[in-house]
Amino acid sequence: MIDDTINDRRRFLVKATSALGIVGVGLSTVPFIASMSPSERARSLGGPVEVDISQLERGQMITVAWRGKPVWILRRTPRTVATLTTNVELLADPFSKVETQQPPYASSVHRSIKPEYLVVVGLCTHLGCVPLARFTSGTLSGLGDDWPGGYFCPCHGSKFDLSGRVFKNVPAPTNLVVPPHRYARDTVIEIGIHHQKV
Ligand code: FES
């Protein structure tokens, strides 16, 4: 299973998502990955990456490459945002007390600058596998009646909610990492540069 995930990561690096003009994918589908030009690929391995989110609809997620890692941008629905305060009993660090896992401006329950958008590194904090999107809540998810929707790591079973917060009693010790990011414009996120509070 780990080998599969490593292969997935290799494929991801070869076919990293184009940073600008990206099109999102549906909740229940595998994230959309497009080819990247050599200059975009080089940029994704080093400097900041700009992502146009103007086409991202509610409930959709895209994956972009930043410093060789997959970064997920999820546009949450109002209903999803509401669950972030009701599922705290299930979580190991619901209020983002572990400071290494996010910048200070992302330490609220939604772990982002704007509640509607989650920006998070898509690597499990146990041993670095890529978790799978499991957005459907409840019994149909196969993850229990109380599953609020989130991400499931296939390597050793760690679970994260739709803020990237880790569940209790799983191998992963901490929440997923929120990378430095800011809004260059209302519909453009820049990953790799810190948001300045105004
Ligand atoms: S790498 Fe995700 S649970 Fe072990």
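See the structure shown above.
To start, this report covers the structure provided alongside it. (Residues numbered from 1 in each chain as written. Predicted model: local features only at pLDDT ≥ 70, side-chain atom pairs only at ≥ 80, totals over all residues. Heavy atoms only, no water.)

### A short note on the sheet that holds strand β8 (residues 181–185)
Link 1 in the chain: Within the open sheet, the three strands sit side by side as β1-β9-β8. Their pairing is antiparallel. Edge strands, defined here as strands with exactly one partner in the open sheet, are β1 (49–52) and β8. In this sheet, adjacent strand axes meet at a mean angle of 30° when their direction is disregarded.
Link 2 in the chain: Sheet analysis places β8 next to strand β9 (residues 188–191), joined by four bridges and oriented antiparallel. Pairing of tyrosine 183 across the sheet is with isoleucine 189, part of β9. (Pairing = 2+ DSSP bridges. Helix = DSSP H or I, 4+ residues; strand = E, 2+ residues; numbered from the N terminus. Axes fitted to C-alpha atoms, helices over the stretch in contact; angles between N-to-C directions.)

### Here's the deal with the pattern of salt bridges
Side-chain pairing between opposite charges can occur once the charged atoms of the two side chains come close.
Link 1 in the chain: For the coordinates displayed, the defined rule picks out five salt bridges.
Link 2 in the chain: Between aspartate 186 and lysine 114 there is a salt bridge, and its shortest N-O distance comes to 3.0 Å. Within this pair, whereas aspartate 186 is found in the loop between β8 and β9, its partner lysine 114 is found in the loop between α3 (78–86) and β4 (117–121), the two being separated by 72 residues in sequence.
Link 3 in the chain: Taking the relative accessible area as the measure of exposure, aspartate 186 reaches 61% and is therefore exposed.
Link 4 in the chain: Accessibility expressed as a relative area gives 25% for lysine 114, which makes it partly exposed.
Link 5 in the chain: A single salt-bridge network, built from bridges that share partners, covers Arg58, Arg75 and Glu116. (Salt bridge = Lys/Arg side-chain N within 4 Å of Asp/Glu carboxyl O. Buried < 20%, exposed > 50% of the residue type's maximum accessible area, 1.4 Å probe, protein only.)

### As for the layout of surface pockets
Link 1 in the chain: Counted as a void, the second largest pocket has a volume near 260 Å³.
Link 2 in the chain: Lining the second largest pocket are 14 residues, and of these Thr77, Thr80, Phe135, Pro148 and Leu162 sit closest to its centre.
Link 3 in the chain: Those elements that place two or more of their residues in the lining of the second largest pocket are β3 (69–75) and α3.
Link 4 in the chain: When residues of the lining of the second largest pocket are assigned to their parent elements, the largest contribution, three residues, is made by α3.
Link 5 in the chain: Residues of the lining of the second largest pocket, tallied by class, amount to five nonpolar, six polar and three charged. (1 Å grid on protein atoms, 1.4 Å probe; cavity = no way out; pocket = protein on both sides within 12 Å on 5 of 7 lines; lining within 4 Å. Points joined across faces, edges and corners; volume = space filled by probe spheres on them. Nonpolar A, V, L, I, M, F, W, Y, C, P; charged D, E, K, R; others polar.)

### What to know about the side chain of serine 96
Link 1 in the chain: Mapping serine 96 onto the fold places it in the loop between α3 and β4.
Link 2 in the chain: Given the relative accessible area of 5%, serine 96 is considered buried.
Link 3 in the chain: A polar atom in the side chain of serine 96 sits 3.1 Å from the side chain of arginine 111.
Link 4 in the chain: The residues contacting serine 96, other than those within four sequence positions of it, are Gln102, Ala106, Ser107, Ser108, Arg111 and Asn175. (Polar contact = N/O pair within 3.5 Å; in protein donor to acceptor, adjacent residues only side chain to side chain. Contact = heavy atoms within 4.5 Å.)

### Some details on the sheet that holds β4
Link 1 in the chain: Ordered in space as β2-β3-β4, the three strands form an open sheet in which the pairing is antiparallel. Whereas interior strands pair on both sides, the edge strands pair on one side only; in this sheet they are β2 (61–66) and β4. Strand-to-strand twist in this sheet, taken as the mean axis angle between neighbours without regard to direction, amounts to 20°.
Link 2 in the chain: By the bridge criterion, five bridges tie β3 to β4 in an arrangement that is antiparallel. Each bridged residue has a counterpart across the sheet, and for valine 71 the counterpart in β4 is valine 121.

### Remarks on the pairing of β4
Within a regular strand, the side chains alternate between the two sheet faces.
Link 1 in the chain: Across the five residues of β4, five count as buried, placing the element largely inside the fold.
Link 2 in the chain: Judged by which residues are buried, β4 turns out to be covered on both faces: Tyr117, Val119 and Val121 on one side and Leu118 and Val120 on the other are all buried.

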